[in-house]
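Residue strings, one per chain:
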Amino acid sequence: MKKINLPKLPNKDGHFDEYGGMFVSETLMYPLKELLKAYTTIAKSAKFRQMLTKELTMYVGRPTPIYYASRISKELGSSHIYLKREDLNHTGAHKINNAMGQVLLAKAMKKTRIIAETGAGQHGVATATACAKYNIKCVVYMGEEDIERQKINVYRMKLLGAEVIPVTSGSKTLKDALNEALRDWVSNVDDTHYIIGSVAGPHPYPMIVRDFQSIIGHESKKQMMSVYKKKADILIACVGGGSNAIGLFHPFLNDDVEIVGVEAGGYGLSTGKHAAPLNKGKPGVLHGNRTYIMEDENGQIQSTHSISAGLDYPGVGPEHSWLKDNKRVQYVSVTDKEALKAFYYLTEKEGIIPALETAHALAYAFKIAKKRKNKNILINLSGRGDKDIDTITKMTQMTL
Ligand SMILES: *Cc1c(COP(=O)(O)O)cnc(C)c1O
(Lines give C-alpha, C1' and ligand atoms only; values in the text may rest on other atoms or scores of the structure.)
Protein backbone atom coordinates (compact mmCIF):
# COMPACT_ATOMS: atom_id res chain seq x y z
CA MET A 1 0.00 0.00 0.00
CA LYS A 2 1.16 3.48 -0.91
CA LYS A 3 2.10 5.56 2.14
CA ILE A 4 0.70 9.05 2.25
CA ASN A 5 1.30 11.35 5.16
CA LEU A 6 -0.23 14.77 4.67
CA PRO A 7 0.10 17.28 7.51
CA LYS A 8 -3.04 18.21 9.45
CA LEU A 9 -4.14 21.57 8.10
CA PRO A 10 -5.14 24.36 8.36
CA ASN A 11 -2.54 25.60 10.85
CA LYS A 12 -3.66 27.95 13.62
CA ASP A 13 -3.74 30.96 11.29
CA GLY A 14 -5.97 29.10 8.90
CA HIS A 15 -3.34 28.40 6.26
CA PHE A 16 -3.11 25.41 3.95
CA ASP A 17 0.52 26.21 3.08
CA GLU A 18 0.23 29.36 1.00
CA TYR A 19 -3.58 29.19 0.72
CA GLY A 20 -6.43 30.14 3.03
CA GLY A 21 -5.88 32.66 5.82
CA MET A 22 -7.92 35.65 6.98
CA PHE A 23 -7.77 38.48 4.46
CA VAL A 24 -10.44 40.65 6.07
CA SER A 25 -10.89 44.09 7.62
CA GLU A 26 -10.03 44.62 11.28
CA THR A 27 -13.75 44.73 12.15
CA LEU A 28 -14.23 41.17 10.87
CA MET A 29 -11.27 39.77 12.81
CA TYR A 30 -13.19 39.94 16.07
CA PRO A 31 -16.23 37.82 15.05
CA LEU A 32 -14.00 35.35 13.20
CA LYS A 33 -11.88 34.81 16.30
CA GLU A 34 -14.99 34.52 18.46
CA LEU A 35 -16.34 31.90 16.04
CA LEU A 36 -13.08 29.95 16.05
CA LYS A 37 -13.06 29.90 19.84
CA ALA A 38 -16.68 28.76 20.06
CA TYR A 39 -16.10 26.14 17.40
CA THR A 40 -13.06 24.61 19.07
CA THR A 41 -14.70 24.50 22.50
CA ILE A 42 -18.42 23.91 21.88
CA ALA A 43 -18.52 22.00 18.59
CA LYS A 44 -15.78 19.60 19.62
CA SER A 45 -17.51 18.65 22.86
CA ALA A 46 -19.07 15.21 23.24
CA LYS A 47 -22.40 16.79 24.19
CA PHE A 48 -22.60 18.88 21.02
CA ARG A 49 -21.57 16.00 18.80
CA GLN A 50 -24.15 13.69 20.29
CA MET A 51 -26.87 16.30 19.81
CA LEU A 52 -25.84 16.90 16.19
CA THR A 53 -25.66 13.18 15.44
CA LYS A 54 -29.14 12.70 16.82
CA GLU A 55 -30.57 15.51 14.71
CA LEU A 56 -28.79 14.29 11.58
CA THR A 57 -30.25 10.84 12.16
CA MET A 58 -33.82 11.73 13.04
CA TYR A 59 -34.33 14.91 11.02
CA VAL A 60 -31.96 14.83 8.05
CA GLY A 61 -32.08 11.08 7.43
CA ARG A 62 -28.46 10.07 7.94
CA PRO A 63 -26.63 7.87 7.32
CA THR A 64 -27.40 8.14 3.61
CA PRO A 65 -26.97 4.83 1.78
CA ILE A 66 -24.35 3.86 -0.77
CA TYR A 67 -26.10 2.46 -3.80
CA TYR A 68 -24.42 0.10 -6.25
CA ALA A 69 -25.51 1.16 -9.73
CA SER A 70 -25.51 -2.29 -11.28
CA ARG A 71 -27.20 -1.50 -14.56
CA ILE A 72 -24.83 1.24 -15.64
CA SER A 73 -21.80 -0.54 -14.20
CA LYS A 74 -22.52 -3.50 -16.44
CA GLU A 75 -23.12 -1.35 -19.48
CA LEU A 76 -19.92 0.70 -19.02
CA GLY A 77 -17.46 -2.17 -18.58
CA SER A 78 -15.72 -4.06 -15.80
CA SER A 79 -15.59 -1.27 -13.22
CA HIS A 80 -18.21 -0.79 -10.52
CA ILE A 81 -20.09 2.45 -9.89
CA TYR A 82 -21.17 3.28 -6.32
CA LEU A 83 -23.22 6.34 -5.42
CA LYS A 84 -23.15 8.03 -2.00
CA ARG A 85 -26.75 9.21 -1.85
CA GLU A 86 -26.55 12.74 -0.44
CA ASP A 87 -29.56 13.51 -2.63
CA LEU A 88 -31.65 11.58 -0.10
CA ASN A 89 -30.96 14.07 2.68
CA HIS A 90 -33.81 16.29 3.84
CA THR A 91 -33.97 19.31 1.45
CA GLY A 92 -32.24 17.29 -1.26
CA ALA A 93 -28.51 17.87 -1.02
CA HIS A 94 -25.44 17.79 1.22
CA LYS A 95 -25.81 21.47 2.21
CA ILE A 96 -28.01 20.61 5.20
CA ASN A 97 -25.09 18.78 6.93
CA ASN A 98 -23.32 22.11 7.33
CA ALA A 99 -26.45 24.18 7.97
CA MET A 100 -27.56 21.96 10.87
CA GLY A 101 -24.09 22.01 12.44
CA GLN A 102 -23.73 25.77 12.17
CA VAL A 103 -27.26 26.64 13.34
CA LEU A 104 -26.73 24.46 16.41
CA LEU A 105 -23.39 26.19 16.98
CA ALA A 106 -25.04 29.62 16.64
CA LYS A 107 -27.67 28.63 19.17
CA ALA A 108 -24.98 27.51 21.60
CA MET A 109 -23.29 30.89 21.04
CA LYS A 110 -26.61 32.57 21.99
CA LYS A 111 -26.99 34.23 18.58
CA THR A 112 -30.56 35.13 17.67
CA ARG A 113 -30.15 35.98 13.99
CA ILE A 114 -28.66 33.96 11.12
CA ILE A 115 -27.55 35.33 7.78
CA ALA A 116 -26.49 33.38 4.70
CA GLU A 117 -25.66 33.92 1.05
CA THR A 118 -26.99 31.70 -1.67
CA GLY A 119 -26.52 31.22 -5.42
CA ALA A 120 -28.87 28.54 -6.68
CA GLY A 121 -30.78 28.73 -3.42
CA GLN A 122 -29.84 25.29 -2.06
CA HIS A 123 -27.77 26.66 0.81
CA GLY A 124 -30.45 29.29 1.47
CA VAL A 125 -33.13 26.62 1.67
CA ALA A 126 -31.03 24.39 3.95
CA THR A 127 -30.30 27.32 6.27
CA ALA A 128 -33.92 28.55 6.28
CA THR A 129 -35.01 24.99 7.10
CA ALA A 130 -32.70 24.66 10.10
CA CYS A 131 -33.70 28.17 11.27
CA ALA A 132 -37.40 27.27 11.08
CA LYS A 133 -36.80 24.15 13.12
CA TYR A 134 -34.78 25.95 15.81
CA ASN A 135 -36.84 29.15 15.77
CA ILE A 136 -34.09 31.58 14.75
CA LYS A 137 -34.53 34.65 12.54
CA CYS A 138 -33.08 34.01 9.09
CA VAL A 139 -31.94 36.47 6.41
CA VAL A 140 -30.66 35.25 3.05
CA TYR A 141 -28.73 37.40 0.56
CA MET A 142 -29.27 36.43 -3.05
CA GLY A 143 -28.25 38.09 -6.31
CA GLU A 144 -31.14 39.64 -8.25
CA GLU A 145 -30.13 37.61 -11.28
CA ASP A 146 -30.27 34.35 -9.27
CA ILE A 147 -33.63 35.27 -7.73
CA GLU A 148 -34.99 35.46 -11.25
CA ARG A 149 -33.40 32.11 -12.24
CA GLN A 150 -34.35 30.17 -9.10
CA LYS A 151 -37.90 31.22 -8.30
CA ILE A 152 -38.98 27.98 -6.62
CA ASN A 153 -36.15 28.08 -4.09
CA VAL A 154 -36.93 31.73 -3.31
CA TYR A 155 -40.52 30.74 -2.63
CA ARG A 156 -39.38 27.82 -0.47
CA MET A 157 -37.18 30.10 1.67
CA LYS A 158 -40.04 32.55 2.15
CA LEU A 159 -42.43 29.76 3.12
CA LEU A 160 -39.87 28.67 5.70
CA GLY A 161 -39.98 32.15 7.20
CA ALA A 162 -36.73 33.57 5.85
CA GLU A 163 -36.31 37.09 4.55
CA VAL A 164 -34.69 37.07 1.09
CA ILE A 165 -32.74 40.24 0.33
CA PRO A 166 -32.01 40.88 -3.39
CA VAL A 167 -28.43 41.94 -4.15
CA THR A 168 -28.13 44.42 -7.01
CA SER A 169 -24.37 45.08 -7.00
CA GLY A 170 -21.81 43.65 -9.44
CA SER A 171 -23.00 40.74 -11.54
CA LYS A 172 -25.98 40.27 -9.17
CA THR A 173 -24.97 36.67 -8.45
CA LEU A 174 -23.36 34.54 -5.74
CA LYS A 175 -20.07 36.39 -5.28
CA ASP A 176 -21.95 39.67 -4.79
CA ALA A 177 -24.36 38.04 -2.32
CA LEU A 178 -21.33 36.83 -0.34
CA ASN A 179 -19.94 40.38 -0.18
CA GLU A 180 -23.28 41.74 1.06
CA ALA A 181 -23.59 39.04 3.72
CA LEU A 182 -20.09 39.83 5.02
CA ARG A 183 -21.07 43.53 5.15
CA ASP A 184 -24.22 42.72 7.15
CA TRP A 185 -22.18 40.62 9.55
CA VAL A 186 -19.71 43.42 10.29
CA SER A 187 -22.56 45.70 11.44
CA ASN A 188 -24.52 43.05 13.38
CA VAL A 189 -21.94 40.77 14.98
CA ASP A 190 -23.43 40.95 18.45
CA ASP A 191 -26.58 38.97 17.72
CA THR A 192 -25.80 37.52 14.28
CA HIS A 193 -24.03 34.40 13.03
CA TYR A 194 -23.06 34.14 9.36
CA ILE A 195 -23.32 30.69 7.76
CA ILE A 196 -21.19 30.32 4.62
CA GLY A 197 -22.48 27.56 2.37
CA SER A 198 -19.20 26.11 1.14
CA VAL A 199 -15.57 25.61 2.18
CA ALA A 200 -14.79 29.16 1.04
CA GLY A 201 -14.38 32.46 2.91
CA PRO A 202 -11.88 33.42 5.62
CA HIS A 203 -10.60 31.06 8.33
CA PRO A 204 -12.20 29.31 10.22
CA TYR A 205 -15.01 28.72 7.66
CA PRO A 206 -13.14 26.38 5.29
CA MET A 207 -12.27 24.21 8.29
CA ILE A 208 -15.71 24.33 9.98
CA VAL A 209 -17.65 23.52 6.81
CA ARG A 210 -15.18 20.74 5.92
CA ASP A 211 -15.53 19.18 9.35
CA PHE A 212 -19.34 19.22 9.22
CA GLN A 213 -19.32 17.77 5.69
CA SER A 214 -16.72 15.10 6.49
CA ILE A 215 -19.52 12.90 7.77
CA ILE A 216 -19.95 11.96 4.09
CA GLY A 217 -16.48 10.44 3.87
CA HIS A 218 -16.54 8.85 7.32
CA GLU A 219 -19.81 7.08 6.56
CA SER A 220 -18.62 6.05 3.10
CA LYS A 221 -15.46 4.41 4.39
CA LYS A 222 -17.44 2.32 6.87
CA GLN A 223 -20.27 1.46 4.46
CA MET A 224 -18.03 0.30 1.62
CA MET A 225 -16.53 -2.24 4.03
CA SER A 226 -19.64 -3.23 5.97
CA VAL A 227 -22.08 -3.40 3.05
CA TYR A 228 -19.87 -4.35 0.09
CA LYS A 229 -16.67 -5.73 1.74
CA LYS A 230 -14.68 -3.57 -0.66
CA LYS A 231 -12.52 -0.48 -0.69
CA ALA A 232 -13.09 2.33 -3.13
CA ASP A 233 -10.26 2.65 -5.68
CA ILE A 234 -11.35 6.02 -7.04
CA LEU A 235 -13.35 8.84 -5.40
CA ILE A 236 -15.07 11.43 -7.57
CA ALA A 237 -17.02 14.58 -6.66
CA CYS A 238 -17.98 17.86 -8.33
CA VAL A 239 -16.30 21.06 -7.15
CA GLY A 240 -18.05 24.41 -6.88
CA GLY A 241 -16.80 25.94 -3.66
CA GLY A 242 -15.75 22.40 -2.88
CA SER A 243 -17.74 21.37 0.22
CA ASN A 244 -19.31 18.11 -0.97
CA ALA A 245 -15.97 17.12 -2.51
CA ILE A 246 -13.86 17.80 0.57
CA GLY A 247 -16.56 16.15 2.70
CA LEU A 248 -16.04 12.90 0.81
CA PHE A 249 -12.28 13.26 0.26
CA HIS A 250 -11.01 14.43 3.62
CA PRO A 251 -11.28 11.18 5.62
CA PHE A 252 -9.53 9.36 2.72
CA LEU A 253 -6.61 11.76 2.11
CA ASN A 254 -4.02 9.47 3.69
CA ASP A 255 -5.50 6.30 2.18
CA ASP A 256 -4.37 4.45 -0.92
CA VAL A 257 -7.11 5.76 -3.20
CA GLU A 258 -7.21 7.94 -6.31
CA ILE A 259 -9.15 11.17 -5.82
CA VAL A 260 -10.65 13.35 -8.55
CA GLY A 261 -12.48 16.68 -8.29
CA VAL A 262 -14.56 17.82 -11.27
CA GLU A 263 -14.99 21.51 -12.09
CA ALA A 264 -17.53 23.12 -14.38
CA GLY A 265 -16.10 23.33 -17.90
CA GLY A 266 -19.09 25.35 -19.17
CA TYR A 267 -18.85 25.82 -22.95
CA GLY A 268 -15.26 24.45 -22.82
CA LEU A 269 -12.06 25.60 -21.08
CA SER A 270 -10.74 27.26 -24.24
CA THR A 271 -13.82 29.50 -24.57
CA GLY A 272 -13.20 31.29 -21.28
CA LYS A 273 -16.85 30.63 -20.44
CA HIS A 274 -16.54 28.19 -17.57
CA ALA A 275 -16.15 28.06 -13.77
CA ALA A 276 -12.90 26.13 -13.45
CA PRO A 277 -10.43 28.17 -11.36
CA LEU A 278 -8.29 25.12 -10.48
CA ASN A 279 -7.89 24.27 -14.16
CA LYS A 280 -7.62 27.75 -15.61
CA GLY A 281 -7.26 30.27 -12.78
CA LYS A 282 -4.33 31.47 -10.72
CA PRO A 283 -3.73 32.16 -7.02
CA GLY A 284 -5.20 35.39 -5.67
CA VAL A 285 -7.41 36.67 -2.87
CA LEU A 286 -11.20 36.37 -2.94
CA HIS A 287 -13.73 36.54 -0.10
CA GLY A 288 -11.14 36.64 2.66
CA ASN A 289 -8.83 33.81 1.61
CA ARG A 290 -6.02 33.07 -0.80
CA THR A 291 -6.90 30.43 -3.36
CA TYR A 292 -7.13 29.77 -7.09
CA ILE A 293 -9.46 32.34 -8.65
CA MET A 294 -10.55 33.46 -12.08
CA GLU A 295 -9.40 37.04 -12.64
CA ASP A 296 -8.35 39.08 -15.65
CA GLU A 297 -5.03 40.95 -16.22
CA ASN A 298 -6.38 43.92 -14.23
CA GLY A 299 -7.18 41.82 -11.19
CA GLN A 300 -10.92 41.96 -11.89
CA ILE A 301 -12.91 38.84 -11.08
CA GLN A 302 -14.05 37.30 -14.36
CA SER A 303 -17.62 36.38 -15.03
CA THR A 304 -18.18 32.63 -14.96
CA HIS A 305 -20.52 30.30 -16.76
CA SER A 306 -21.93 26.90 -15.92
CA ILE A 307 -25.18 25.14 -16.70
CA SER A 308 -25.36 24.42 -12.97
CA ALA A 309 -25.85 27.46 -10.72
CA GLY A 310 -24.20 25.65 -7.80
CA LEU A 311 -20.84 25.39 -9.59
CA ASP A 312 -20.96 28.93 -10.99
CA TYR A 313 -18.35 30.51 -8.69
CA PRO A 314 -15.00 32.14 -9.67
CA GLY A 315 -13.15 30.80 -6.62
CA VAL A 316 -12.73 27.53 -4.76
CA GLY A 317 -12.02 26.45 -1.18
CA PRO A 318 -8.34 26.99 -0.24
CA GLU A 319 -7.83 23.37 0.80
CA HIS A 320 -8.48 22.30 -2.79
CA SER A 321 -5.81 24.73 -4.00
CA TRP A 322 -3.38 23.07 -1.64
CA LEU A 323 -4.44 19.57 -2.72
CA LYS A 324 -3.99 20.57 -6.35
CA ASP A 325 -0.47 21.93 -5.83
CA ASN A 326 0.68 18.93 -3.78
CA LYS A 327 -0.94 16.67 -6.39
CA ARG A 328 -2.92 14.58 -3.89
CA VAL A 329 -6.11 15.30 -5.81
CA GLN A 330 -6.47 15.56 -9.56
CA TYR A 331 -8.80 18.33 -10.78
CA VAL A 332 -10.45 17.91 -14.16
CA SER A 333 -13.39 19.59 -15.88
CA VAL A 334 -16.55 18.54 -17.66
CA THR A 335 -18.55 20.70 -20.09
CA ASP A 336 -22.24 21.63 -19.86
CA LYS A 337 -22.97 19.25 -22.70
CA GLU A 338 -21.20 16.28 -21.13
CA ALA A 339 -22.93 16.94 -17.80
CA LEU A 340 -26.31 17.06 -19.48
CA LYS A 341 -25.66 13.72 -21.16
CA ALA A 342 -24.73 12.14 -17.83
CA PHE A 343 -27.86 13.66 -16.28
CA TYR A 344 -30.06 11.81 -18.79
CA TYR A 345 -28.04 8.62 -18.55
CA LEU A 346 -28.38 8.20 -14.78
CA THR A 347 -32.04 9.19 -14.89
CA GLU A 348 -32.92 6.72 -17.63
CA LYS A 349 -30.80 3.79 -16.48
CA GLU A 350 -31.08 3.95 -12.71
CA GLY A 351 -34.19 5.99 -12.00
CA ILE A 352 -32.25 8.66 -10.12
CA ILE A 353 -32.52 12.29 -11.27
CA PRO A 354 -29.26 13.95 -10.20
CA ALA A 355 -28.59 17.67 -9.68
CA LEU A 356 -26.81 19.28 -12.63
CA GLU A 357 -23.83 19.96 -10.34
CA THR A 358 -23.58 16.27 -9.54
CA ALA A 359 -23.95 15.36 -13.22
CA HIS A 360 -20.43 16.79 -13.73
CA ALA A 361 -18.97 14.18 -11.36
CA LEU A 362 -21.06 11.48 -13.02
CA ALA A 363 -19.92 12.43 -16.52
CA TYR A 364 -16.28 12.05 -15.56
CA ALA A 365 -16.93 8.80 -13.71
CA PHE A 366 -18.73 7.29 -16.71
CA LYS A 367 -15.84 8.31 -18.94
CA ILE A 368 -13.23 6.54 -16.84
CA ALA A 369 -15.44 3.53 -16.11
CA LYS A 370 -15.17 2.75 -19.81
CA LYS A 371 -11.36 2.92 -19.75
CA ARG A 372 -10.33 1.45 -16.41
CA LYS A 373 -10.61 -2.22 -15.56
CA ASN A 374 -12.13 -3.62 -12.35
CA LYS A 375 -12.11 -0.40 -10.34
CA ASN A 376 -14.55 0.46 -7.56
CA ILE A 377 -15.56 4.02 -8.33
CA LEU A 378 -17.36 5.93 -5.57
CA ILE A 379 -19.16 9.12 -6.60
CA ASN A 380 -20.62 11.67 -4.26
CA LEU A 381 -24.20 12.10 -5.48
CA SER A 382 -24.35 15.56 -3.91
CA GLY A 383 -27.98 16.41 -4.69
CA ARG A 384 -31.18 15.64 -6.52
CA GLY A 385 -32.27 17.28 -9.74
CA ASP A 386 -35.80 18.42 -8.98
CA LYS A 387 -34.56 22.02 -8.77
CA ASP A 388 -33.11 21.75 -12.27
CA ILE A 389 -36.14 20.53 -14.17
CA ASP A 390 -36.85 24.07 -15.44
CA THR A 391 -33.32 24.43 -16.82
CA ILE A 392 -33.46 21.01 -18.42
CA THR A 393 -36.79 21.71 -20.06
CA LYS A 394 -35.51 24.98 -21.53
CA MET A 395 -32.21 23.44 -22.67
CA THR A 396 -33.85 20.67 -24.58
CA GLN A 397 -37.10 22.40 -25.57
CA MET A 398 -38.82 19.40 -24.14
CA THR A 399 -42.50 19.88 -23.41
CA LEU A 400 -43.68 18.12 -20.33
C1 LIG B 1 -24.25 23.70 -3.86
C2 LIG B 1 -24.11 22.42 -4.53
C3 LIG B 1 -22.88 21.97 -5.07
C4 LIG B 1 -21.65 22.82 -5.09
O5 LIG B 1 -21.16 23.22 -3.86
P6 LIG B 1 -19.90 22.53 -3.20
O7 LIG B 1 -19.58 23.42 -2.04
O8 LIG B 1 -18.82 22.52 -4.22
O9 LIG B 1 -20.30 21.18 -2.79
C10 LIG B 1 -22.82 20.70 -5.62
N11 LIG B 1 -23.89 19.91 -5.68
C12 LIG B 1 -25.10 20.31 -5.20
C13 LIG B 1 -26.26 19.39 -5.30
C14 LIG B 1 -25.25 21.57 -4.61
O15 LIG B 1 -26.44 21.95 -4.14
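To be clear, the structure that these remarks concern was listed above.
To keep things clear, this report deals only with the structure shown in the data block. (Residues numbered from 1 in each chain as written. Predicted model: local features only at pLDDT ≥ 70, side-chain atom pairs only at ≥ 80, totals over all residues. Heavy atoms only, no water.)

### Considering the sheet that holds strand β7 (residues 163-167)
Spatially, the 4 strands line up as an open sheet ordered β7-β6-β5-β8, and their pairing is parallel. Of all the strands in the sheet, just β7 and β8 (192-195) have a single pairing partner and so form its edges. Direction aside, neighbouring strands of the sheet carry axes that sit 25° apart on average. Where strand β6 (residues 137-143) meets β7, 5 bridges bridge the pair, whose relative direction is parallel. Its bridge partner being in β7, G143 is matched across the sheet by V167. (Pairing = 2+ DSSP bridges. Helix = DSSP H or I, 4+ residues; strand = E, 2+ residues; numbered from the N terminus. Axes fitted to C-alpha atoms, helices over the stretch in contact; angles between N-to-C directions.)

### Description of unusual backbone geometry
The linkage connecting L9 with the following residue, P10, adopts the cis geometry, with an omega of 10°. Looking at the element boundaries, P10 is found in the segment before β1 (15-16). The peptide bond linking H203 to P204 adopts the cis configuration, its omega dihedral lying at 10°. Positioned with a positive phi, H287 is a non-glycine residue whose angle comes to about 50°.

### Re the side chain of S333
Here S333 shows up in strand β13 (residues 330-335). When residues no more than four places from it in sequence are discounted, the contact partners of S333 are V262, E263, G265, L269 and N279. (Contact = heavy atoms within 4.5 Å.)

### Observations regarding the sheet that holds β13
Read from one edge of the open sheet, 6 strands run β3-β4-β14-β9-β10-β13, paired in mixed fashion. Each of the sheet's edge strands pairs with one partner strand only, and the pair in question is β3 (66-68) and β13. Put simply, the sheet's adjacent strands are angled 30° from each other on average, direction ignored. Note that strand β9 (residues 234-238) and strand β14 (residues 376-381) share 3 bridges and pair parallel. Following the sheet pairing, I234 is matched in β14 by I377. Contacts from helix α15 (residues 356-371) reach β4 (80-85), β9, β10 (258-266), β13 and β14, with the element oriented near 150° to β9.

### So, helix α13 (residues 318-325)
In terms of burial, α13 is a largely internal element, 6 of the 8 residues being buried. One or two positions beyond α13, positive phi appears at K327, with a value near 65°. (Buried < 20%, exposed > 50% of the residue type's maximum accessible area, 1.4 Å probe, protein only.)

### Some points on empty space enclosed by the protein
As enumerated under the stated definition, the model contains 3 cavities of 30 Å³ or more in all. Of the voids in this model, the largest cavity is the one considered here, and its volume is about 400 Å³. K95, G197, S198, G241 and G310 are, among the 33 residues lining the largest cavity, the residues nearest its centre. For the lining of the largest cavity, the secondary structure elements donating two or more residues are β5 (113-118), α5 (122-134), α8 (174-187), α11 (243-249) and α15. Partitioned by chemical class, the residues of the lining of the largest cavity number 10 nonpolar, 18 polar and 5 charged. (1 Å grid on protein atoms, 1.4 Å probe; cavity = no way out; pocket = protein on both sides within 12 Å on 5 of 7 lines; lining within 4 Å. Points joined across faces, edges and corners; volume = space filled by probe spheres on them. Nonpolar A, V, L, I, M, F, W, Y, C, P; charged D, E, K, R; others polar.)

### Observations concerning the site of the ligand
Around the ligand, 16 residues are found, and the nearest of them are K95, S198, G240, G242 and S243. At 2.7 Å, a backbone N or O of G242 approaches an oxygen atom of the ligand. A distance of 2.8 Å separates a nitrogen atom of the ligand from a polar atom in the side chain of S382. Calculation on the ligand without its partners gives an accessible area of 380 Å², and the protein chains cover 96% of this total. Because more than half of its atoms lie within 2 Å of the grid, the ligand is assigned to the largest cavity. Along the lines of polarity and charge, the residues of the shell around the ligand split into 3 nonpolar, 11 polar and 2 charged. (Near = heavy atom within 4 Å. Polar contact = N/O pair within 3.5 Å; in protein donor to acceptor, adjacent residues only side chain to side chain. Areas by Shrake-Rupley, 256 points an atom, 1.4 Å probe, with all protein chains shown as cover. Sits in = over half its atoms within 2 Å of the grid points.)

### Some details on the packing of helix α14 (residues 336-350) against α15
Where α14 contacts α15, the axes come no closer than 7 Å and their chain directions differ by 85°. The pairing of α14 with α15 is recorded here as roughly perpendicular in orientation. Facing α14, whose interface residues are E338, A339, L340, A342, F343, Y345 and L346, α15 presents L356, A359, H360, L362, A363, F366 and K367. Looking at side-chain class alone, the contact of α14 with α15 contains 11 nonpolar, 1 polar and 2 charged residues. (Parallel < 35°, antiparallel > 145°, perpendicular 65-115°, else oblique.)

### Some remarks on the packing of helix α1 (residues 26-43) against α8
Viewed as axis vectors pointing N to C, α1 and α8 meet at an angle of 80°, and their least axial separation amounts to 9 Å. With respect to each other, α1 and α8 are oriented roughly perpendicular. Residue-level inspection shows T27, L28, P31 and L32 of α1 in contact with α8, the latter providing L182, W185 and V186.

### Observations concerning the layout of surface pockets
By volume, the largest pocket is sized at about 670 Å³. Here the lining of the largest pocket takes 5 residues from helix α16 (residues 389-396), the largest share from any one element. Here the second largest pocket is characterised by a volume of approximately 560 Å³. Around the second largest pocket, the lining is made up of 16 residues, and of these R49, D211, F212, I215 and H218 lie nearest the centre. Residue assignment for the lining of the second largest pocket shows that the elements contributing at least two residues are α1, α2 (46-60), α9 (205-213) and α10 (215-228). Of the residues belonging to the lining of the second largest pocket, the class tally is 6 nonpolar, 4 polar and 6 charged.

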